[in-house]
Amino acid sequence: MNEPTFLILTALAGEPMHGYAVIEDVEHMTDGRVRLRAGTLYAALDRLRGEGLIEVDREEVVQSRLRRYYRLTGAGEQSLEAETARLRAQATLAEGRLRARRTNFGGATA
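A brief report on the enclosed structure follows. (Residues numbered from 1 in each chain as written. Predicted model: local features only at pLDDT ≥ 70, side-chain atom pairs only at ≥ 80, totals over all residues. Heavy atoms only, no water.)

### Regarding the sheet that holds strand β2 (residues 54-62)
Inclusion rule: DSSP calls a pair of strands paired once it identifies at least 2 bridges connecting them. By definition, any uninterrupted DSSP run of H or I lasting at least four residues is a helix, any uninterrupted run of E lasting at least two residues is a strand, and each is numbered from the N terminus. Whether two residues are in contact is decided by their heavy atoms: any pair within 4.5 Å suffices. Only the contacting stretch of a helix is used when fitting its axis, a line to C-alpha atoms as for every element, and angles between N-to-C directions run 0 to 180 degrees.
Strand order in this open sheet of three strands is β1-β3-β2, and the pairing throughout is antiparallel. Across the chains shown, the open sheet's two edge strands, defined by having one partner strand only, are β1 (17-18) and β2. Pairing between β2 and strand β3 (residues 65-72): eight bridges, direction antiparallel. What sits directly across from isoleucine 54, in β3, is leucine 72. Helix α1 (residues 3-14) contacts β1, β2 and β3 of the sheet and is inclined by roughly 90° relative to β3.

Okay, structure coming up:
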């Protein structure tokens, strides 16, 4: 799973959101490191809908424009949980190797 997909699913795990709210939440979660562009977001949302990981929660008209809210599906929750576990395992591995490096090399960096 790529990082934007992970972040979009993470945003939607909290509550149903419309696209611009997802963009803002992702930017907030990453302290501004990741700023999704609208085209990237909506292509990802369409793909995630096609994969059954998210679905439309509701639609409303705001200032004469349709606002569509998305929510995580059960399959989306399972996919996010699996990716979270994978990332946790990778982080644990990296932490262990860094600890071993500090122990073996007395904290020296190459």
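Back to the write-up after that little detour.
### Quick look at the nonpolar core
Inclusion rule: In plain words, nonpolar cores are sets of buried Ala, Val, Leu, Ile, Met, Phe, Trp, Tyr and Cys residues tied together by side-chain atoms within 4.5 Å. For the exposure calls, accessible area comes from a 1.4 Å probe over protein chains only, and a residue counts as buried if that area is under 20% of its type's maximum, exposed if over 50%, partly exposed in between.
Ranked by size, the top nonpolar core spans 21 residues in total, and within it Ile8, Leu12, Val22 and Ile54 carry the most contacts. Contributions of two or more residues to this core are made by α1, α2 (19-29), α3 (38-50) and β3. Considering every element that reaches this core, the biggest residue donor is α1, with six residues.

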